[in-house]
Amino acid sequence: MTKSIMIVGVGGQGTLLTSRILGGLMENAGYEVKISEVHGMAQRGGSVVTFVRYGESVAEPIVEEGQADLIIAFERLEALRYEHFLKPNGVMIINDWRIDPITVVTGQTAYPENIIEDLSTRHKVYRVCAMEEALRLGNSRVFNNIVLGLAARHMDFTREEWLKVISEKVPPKTVEINEKAFLAGYGMEG
Amino acid sequence: MMLLGNAALARGAWEAGVKVSSAYPGTPSTEVSEELVKLPDVYVEWAPNEKVATEVAIGASISGVRSMAVMKHVGFNVAADPTYTASYTGVNGGMVMIVADDPGLYSSQNEQDTRRIARAAILPVLEPSDSQEAKDYMKAAFEISERFDTPVVVRTTTRLAHSQTMVECEDRVVPEDKPYERNIAKFVMMPAMAKNRHLVVEQRMKDLAEFAETSPLNTVQYGPMELDGKKVGFITEGIPYQYVKEVCPDASILKLGMVNPLPEKLIREFASKVDTLYIFEELEPVVEEQVRAMGIRCFGKDVFTIQGEYSANMLRERVLHETGAVMPAGSAPARPPILCPGCPHRAVFSVMAKLKLHAAGDIGCYTLGAQAPLSVIDTTICMGASISSLHGMEKAKGHDYIKNWVAVIGDSTFMHTGINSLVNMVYNQSHGTVVILDNRTTGMTGHQDHAGTGRTLMGEEVPAVDFTSLCRGIGVKNVITVDSFDIAQVERVLREETARDELSVIIMRYPCALLKGQKFPYKCVALPEKCKHCGACLRPGCPALTKNEDGSIFIDETMCNGCGLCMSLCKFDAIRKEER
């Protein structure tokens, strides 16, 4: 059974590191994994999406509309943008954080209100204020692992497997704070 | 282990014993060189452009070692001149060109198909479909190169290049260097020699086509899948093969690993055993046209698209006719890429917008200045075109016409193909203003060094090309360097030089905000009580700035880089810098 995960966010939010942690996790567990990423110009503050697929045997490296078991969104609007990729009964983990696209800053469009409430009427949605928690931990950049911690509650890997792969994939000097961040998310009710 | 497609290509080249690799960065090909340089005993460099990179690989090959050149699809155009003739000379040590296409235009100015150029240059092409094949095909490519005396193209796409899949690595085996022997009939392409070589090249393609018939690079699986009582078959290659495997695993599939030349007998045999034949290839109908020319009925671009990336859902809809499987996309406001917070280009562009200057643009992050709210870039064609197209405008319309125009080009792009264009401006007496946005790196592709930075890909400190001396040396009298964030100075210099009836080069210099150590030690903080809601600070379009409900300014401290551009634009002291 192949499982499909998407990580969506804004270029610069660190989706690539998160996908590497997920890839390592599944590789350690002996699955075949395929990850597809966005590099280059699309990363410059644009909408970015990373696909992770794993199972006994995986063919295509991307997740398609209506096929995602889990969507991890680092920003609210991006959760809305990729909603149609979610399977019926799929799960969405949303970082309650807003980054205005330039079209909103210039007043061409408005940032949609009540995105999380709206998505919750159609899907299983779990909300996390990871940025505030990360600032409390002392480094805004570790917010991804807080989100990932909550997502881990909806996946079939042990706490030990997660901590192992985090220590393998994050820069050595930041292992401790990233583990703390992960556990903060992991301990949240969701 | 898990390897990015590009890392697998590098690994394959390394295992095959490659000794010299030259490249110019270009998404989605860049990481090939960045991964290769991490491996031992191989010389890897950034060349100023793909023509140079290809010629470096040719030279290394002639000297008897395995070599390669790496580029994106549009770089293949720049490399076309040496490529077409290297096809005639053939090789000594094996030579491979990795060329990355970009279906769906994730980071490119066009959607051209490398197979078209390779066919025009009469070169064989291999196309892997995952990282394992990327590694294995590199080794096959070097073997084919030496066996058939030809450069070999390995075509990739963005999806392959930037997907990570499992790879089993092997040891590096370096073949013995081939002895060099002077052979002007092979390596001096004057007409008399080239005439003979052309015959050799045509025969070589026939031999390669014969090789393709039985090569394990091309594989056939026959399956039971039928639709409406008819056996379904696909001829496919590269990443689209994975979509066929995903959606129609029981179909008959002819998977082409060698996509030029094609195995005609194998294709005829395969086609004869299926009732409905689909050609499933991204971009141009290169295989389809050849299959149709064999007189074989098939479906191709009449069912699938020429434009854009393929997907499994495309097969579900257009082959299986599954409908309603997918809910429609929501209506989220678009989020196009933008210049980063703290980007020095934004400071310069904010002044150009104020002065209502038009810009002939070029290829780099600064292309993003075409969009609102900056809206200063009017044209983007290809690497180097900013300078030469501004010259063309002046020659068409006269000096006065370009008084409110400048050419805008980045430092790496200037090194790539901007210099020739500037020589032309000097020689043919232009009066225009060229702005070099010198952020000390190749920004858009992820911060690669170039000849102007003083550091090589292999980490050596070297003398940097000095842009001022270079411009003066070729005859530009007015060369001025300005700090990009000193916007008063930027404005004064832009006014003076565009008014001047002489050619000028303005070097706007400030390191890219994403370079290591470039974050300023402070952050900008808005003071709502002083804010008059005038919006001056918002005009440059910094993503860290938004409005509060009451119209005053809010600065997101997690995004702010501390560059202070917004502060220097505020007339009411409503923004101040605080230490981080």
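Residues numbered from 1 in each chain as written. Chains lettered and ligands numbered in written order. Predicted model: local features only at pLDDT ≥ 70, side-chain atom pairs only at ≥ 80, totals over all residues. Heavy atoms only, no water.

1. Considering the overall build of chain B
Working step 1: A count of helical and extended segments in chain B gives 20 helices and 24 strands.
Working step 2: Computed over its C-alpha atoms, the radius of gyration of chain B comes to 27 Å, within 12% of the 25 Å expected for a compact globule of 580 residues.
Working step 3: A buried classification covers 61% of the 580 residues belonging to chain B.
Working step 4: Considering only residue pairs separated by 6 or more positions, chain B has 75% of its internal contacts joining residues 24 or more positions apart.
Working step 5: Accessible surface computed for chain B: about 22,700 Å², of which carbon and sulfur atoms make up 53%.
Working step 6: Here chain B holds 60 positive side-chain charges and 72 negative ones, and the gap between their average locations is 4 Å. (Helix = DSSP H or I, 4+ residues; strand = E, 2+ residues; numbered from the N terminus. Rg over C-alpha atoms; globule rule 2.2 N^0.38 Å. Buried < 20%, exposed > 50% of the residue type's maximum accessible area, 1.4 Å probe, protein only. Contact = heavy atoms within 4.5 Å. Areas by Shrake-Rupley, 256 points an atom, 1.4 Å probe, with all protein chains shown as cover. Lys, Arg positive; Asp, Glu negative; His and termini not counted. Charge placed at Lys NZ, Arg CZ, Asp CG, Glu CD.)

2. Thoughts on the sheet that holds strand β15 (residues 358–360) of chain B
By way of backbone hydrogen bonds, the strands of a sheet pair with one another, either parallel or antiparallel.
Residues and elements named next belong to chain B.
Working step 1: Taken in spatial order, the six strands of this open sheet run β16-β15-β17-β18-β20-β19, and their pairing is parallel. Looking at the sheet topology across the chains shown, the edges are occupied by β16 (377–379) and β19 (478–483). Pairs of neighbouring strands in the sheet enclose a mean axial angle of 30°, with direction left out of account.
Working step 2: Taken together, the four bridges between strand β17 (residues 405–410) and strand β18 (residues 433–438) define a ladder with parallel strand orientation. Each residue of the ladder has a partner; that of Gly-410, found in β18, is Leu-437.
Working step 3: Lying on the sheet, helix α17 (residues 411–427) is in contact with β17, β18 and β20 (504–509); it crosses β17 at an angle near 140°.
Working step 4: Contacts from helix α19 (residues 487–499) reach β17, β18, β19 and β20, with the element oriented near 160° to β19. (Pairing = 2+ DSSP bridges. Axes fitted to C-alpha atoms, helices over the stretch in contact; angles between N-to-C directions.)

3. Considerations on the packing of helix α7 (residues 159–169) of chain A against helix α8 (residues 175–186) of chain A
All names here are of chain A.
Working step 1: The geometry of α7 relative to α8 is characterised by a closest axis approach of 10 Å and an angle of 150° between their N-to-C directions. One element, α7, and the other, α8, form an angle in the roughly antiparallel class. In this structure, α7 meets α8 at a crossing whose hand is right-handed. Note on element contacts: α8 touches α7 through Val-175, Asn-178, Glu-179, Phe-182, Leu-183 and Tyr-186, opposite Arg-159, Trp-162, Leu-163, Ile-166 and Ser-167.
Working step 2: By residue class, the composition of the contact of α7 with α8 is seven nonpolar, two polar and two charged. (Parallel < 35°, antiparallel > 145°, perpendicular 65-115°, else oblique. Left-handed = near helix turned anticlockwise from the far one by under 90°. Nonpolar A, V, L, I, M, F, W, Y, C, P; charged D, E, K, R; others polar.)

4. With respect to the pairing of strand β11 (residues 230–237) of chain B
Residue and element names in this part refer to chain B.
Working step 1: Taking burial as the measure, the eight residues of β11 include six buried ones, the bulk of the element.
Working step 2: Of the strand pairs in this sheet, strand β10 (residues 226–227) and β11 are connected by two bridges, and their pairing is antiparallel. Note on β11: the bridge partner recorded for Leu-227 is Lys-230.
Working step 3: Linking β10 to β11, which pair antiparallel, is a turn of two residues; within it Asp-228 sits at a positive phi near 55°.
Working step 4: In terms of strand pairing, β11 meets strand β12 (residues 252–256) through five bridges, oriented parallel. Counted as the bridge partner of Glu-237 is Leu-256 from β12.
Working step 5: Crossover handedness for the path β11 to helix α11 (residues 238–247) to β12: right-handed. (Right-handed = clockwise from strand over helix to strand, strands pointing away.)

5. Remarks on the confidence of the model for chain A
Working step 1: For chain A, mean pLDDT is 93; residues scoring 70 or higher make up 97% of the total.
Working step 2: No element of chain A has a lower mean pLDDT than helix α3 (residues 102–105) of chain A, which averages 86, and none a higher one than strand β4 (residues 68–73) of chain A, which averages 98. (pLDDT = per-residue confidence, 0-100.)

6. What about the layout of surface pockets?
Working step 1: What the second largest pocket holds in volume is close to 920 Å³.
Working step 2: Taken together, 39 residues make up the lining of the second largest pocket; nearest its centre are Val-49 of chain A together with Gly-104, Tyr-106, Arg-159 and Glu-309 of chain B.
Working step 3: Of all elements in the fold, only β3 (47–55) of chain A together with α14 (312–318) of chain B reach the threshold of two or more residues within the lining of the second largest pocket.
Working step 4: Ranked by the residues each element gives to the lining of the second largest pocket, the list is headed by α14 of chain B, at four residues.
Working step 5: Of the residues contributing to the lining of the second largest pocket, the split by class is 18 nonpolar, twelve polar and nine charged. (1 Å grid on protein atoms, 1.4 Å probe; cavity = no way out; pocket = protein on both sides within 12 Å on 5 of 7 lines; lining within 4 Å. Points joined across faces, edges and corners; volume = space filled by probe spheres on them.)

7. Some points on the sheet that holds strand β7 (residues 152–157) of chain B
Residues and elements named next belong to chain B.
Working step 1: Strand order in the open sheet formed by seven strands is β3-β2-β4-β5-β7-β6-β13, and the pairing between neighbours is mixed. Edge strands, defined here as strands with exactly one partner in the open sheet, are β3 (43–46) and β13 (258–260).
Working step 2: Pairing analysis gives two bridges linking strand β6 (residues 125–126) to β7, with the strands arranged parallel. Across the sheet, the residue bridging to Val-125 is Val-153, located in β7.
Working step 3: Each of β4 (67–72), β5 (95–101), β6, β7 and β13 touches helix α7 (residues 131–148); the most contacted strand, β5, lies at about 135° to it.

8. Topic: the confidence of the model for chain B
Working step 1: Averaged over every residue, the pLDDT of chain B is 96; the share at 70 or more is 99%.
Working step 2: Quick note on the complex model: pTM equals 0.96, ipTM equals 0.92.

9. Topic: the pattern of salt bridges
Side chains that differ in sign of charge can pair as their charged atoms come close.
Residue and element names in this part refer to chain B.
Working step 1: Under the defined criterion, the tally for this structure stands at 54 salt bridges over all chains.
Working step 2: Between Arg-115 and Glu-237 there is a salt bridge, with its nearest N and O atoms 3.0 Å apart. With Arg-115 in helix α6 (residues 114–120) and Glu-237 in strand β11, this residue pair connects regions lying 122 residues apart in the sequence.
Working step 3: The buried category is assigned to Glu-237, whose relative accessible area is 2%.
Working step 4: The partner of Glu-170 in a salt bridge is Lys-139, with the nearest N and O atoms 3.1 Å apart. Of this pair, Glu-170 sits in the loop between β8 (163–166) and α9 (184–187) while Lys-139 sits in helix α7, and the two are 31 residues apart along the sequence.
Working step 5: The exposure class assigned to Lys-139 is buried, which follows from its relative accessible area of 18%.
Working step 6: Connected through shared salt-bridge partners, Asp-101, Asp-113, Arg-115, Glu-127, Arg-155, Glu-237 and Glu-281 make up one network. (Salt bridge = Lys/Arg side-chain N within 4 Å of Asp/Glu carboxyl O.)

10. Topic: helix α13 (residues 286–293) of chain B
Residues and elements named next belong to chain B.
Working step 1: Turning to α13, its buried residues number three or more, namely Val-286, Val-287, Glu-288, Gln-290 and Val-291.
Working step 2: Each element contacted by the buried residues of α13 is listed here: α6, β11, β12, α12 (264–272) and β14 (276–280).
Working step 3: Of the residues one or two after α13, Gly-295 is the one with positive phi, at around 85°.

11. Comments concerning unusual backbone geometry
Residue and element names in this part refer to chain B.
Working step 1: Residue Pro-28 follows Thr-27 across a cis peptide bond; omega there is 10°.
Working step 2: Relative to the helices and strands, Pro-28 resides in the loop between β2 (20–23) and α2 (31–36).
Working step 3: Cis rather than trans, the peptide bond between Asn-260 and Pro-261 has omega equal to -10°.
Working step 4: Structurally, the position occupied by Pro-261 is in the loop between β13 and α12.
Working step 5: Residues other than glycine seldom take positive phi values, yet His-533 does so here, at roughly 60°.
Working step 6: A residue is classified by how much of its surface remains accessible, and His-533, at 40% relative accessible area, is partly exposed.

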